[in-house]
Amino acid sequence: MMNRKKLTAVVASVALVAVLGIGGTLMYFTDSDAKSNVITLGKVDGSLTETGDGTETSDGGRQYDKIQPGDELAKVPVVTLDGESQDAYLRMKMEIKGFEAPGLDGYAEKIEELLDIDKNVWTKGTDDYYYYNVKLTAKDMENRPQDAMATFFTKVTIPTEWGNEVSEATFKINLVAELIQADNFEDGQGNIIRDADTNMIIGWNNTGTIEPAK
């Protein structure tokens, strides 16, 4: 059994980035957020908020101490469109850091595998983004606020088979949410890539190089 006091999980978010994507002659308004602070760009406005157990960190994440194999850590990242935002498509970028030491190959992948991501609405593309397969809309926030929200997962599970090899490990889960306007970015225009068998979204085209806004 590993030392309960040594393993630390920090489920955190990287800094906020607002972006403008340009592809060829097309321009789309986008928003990228990793915390509750939002820089509005064009007609797309949204936020990524995170709730759960543990202690809040300075960068908006949460820290969990004294954990052990088999623990389930409550962690709920939710993306929400602002009430004035236009309809948008969503994708999430996730990086799990802290298992780079020799002998820990596959440990980050195991954490990702055990996340309770709903595969009915989220698909992972070959670019390692997770794509949300429901268009977000804030047109009826009063009666249907759920249409403007997307939950990525609700808990982080520590594998039961882990032992002393990770007894002093600290790992992070970094999340970045990216929104892009749905207008002029619909199916049939070559912008949305779908799996031939499942018809699920697995990529975006024509977004160009996404850079932080000035």
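Our subject in this report is the structure included herewith. Just so you know, these numbers come straight off a predicted model, no measurement behind them. (Residues numbered from 1 in each chain as written. Predicted model: local features only at pLDDT ≥ 70, side-chain atom pairs only at ≥ 80, totals over all residues. Heavy atoms only, no water.)

## A closer look at the overall build of the protein
Right, on to step 1. If you tally the helices and strands in the protein, you get 1 helix and 16 strands.
Right, on to step 2. Each of the 214 residues in the protein was classed as buried or not, and the buried ones make up 46%.
Right, on to step 3. Considering only contacts within the protein whose residues lie at least 6 apart along the sequence, 69% involve residues at least 24 apart.
Right, on to step 4. Accessible surface, the protein as shown: approximately 10,900 Å² in total, 46% of it carbon and sulfur. (Helix = DSSP H or I, 4+ residues; strand = E, 2+ residues; numbered from the N terminus. Buried < 20%, exposed > 50% of the residue type's maximum accessible area, 1.4 Å probe, protein only. Contact = heavy atoms within 4.5 Å. Areas by Shrake-Rupley, 256 points an atom, 1.4 Å probe, with all protein chains shown as cover.)

## Considering the environment of A148
Right, on to step 1. For A148, the location among the structural elements is in the loop between strand 10 (129–132) and strand 11 (149–151).
Right, on to step 2. Each residue touching A148, except ones within four places of it in the same chain, is listed here: V79, T80, L81, L136, T137, A138 and M141.

## Considerations on the pattern of salt bridges
Right, on to step 1. Under the counting rule described, the total for this entry stands at 8 salt bridges.
Right, on to step 2. The closest approach of N and O atoms between E178 and R91, which form a salt bridge, is 2.9 Å. Remark: R91 occurs in strand 8 (residues 88–97) and E178 occurs in strand 13 (residues 170–181); sequence separation between them is 87 residues.
Right, on to step 3. Overall, the relative accessible area of 6% leaves R91 in the buried class. (Salt bridge = Lys/Arg side-chain N within 4 Å of Asp/Glu carboxyl O.)

## Describing unusual backbone geometry
Right, on to step 1. Despite not being glycine, D128 has its phi angle at roughly 70°, a positive value.
Right, on to step 2. By secondary structure assignment, the location of D128 is in the loop between strand 9 (122–124) and strand 10.
Right, on to step 3. In the Ramachandran plot, N199 falls in the positive-phi region, its phi being about 65° despite a non-glycine side chain.
Right, on to step 4. You can call N199 partly exposed: its relative accessible area is 48%.

## Structural notes on the nonpolar core
Right, on to step 1. With 38 residues, the main nonpolar core has L90, M92, M94, F99, I111, W122 and F152 as its most contacted residues.
Right, on to step 2. Ignoring anything within four residues of it in the chain, the contact list for F152 reads P77, M92, M94, D116, I117, D118, W122, Y130 and L175.
Right, on to step 3. Core analysis: the next-biggest nonpolar cluster, separate from the first, contains 9 residues, Y131, I192, I201 and W204 among them. (Core = buried A, V, L, I, M, F, W, Y, C linked by side-chain atoms within 4.5 Å.)

## Some points on the packing of aromatic side chains
Right, on to step 1. Tallied over the entire structure, the rule returns 11 aromatic pairs.
Right, on to step 2. A centroid spacing of 5.4 Å and a plane angle of 65° characterise the contact between F99 and W162, whose relative ring orientation is edge-to-face. Here F99 is found in the loop between strand 8 and helix 1 (107–114), whereas its partner W162 is found in the loop between strand 12 (155–157) and strand 13, with 63 residues between them in sequence.
Right, on to step 3. By relative accessible area, which is 7% here, F99 ends up buried.
Right, on to step 4. Look at W162 and you get buried, because its relative accessible area is 6%. (Phe/Tyr/Trp six-rings, centres within 6.5 Å; stacked < 30°, edge-to-face > 60°.)

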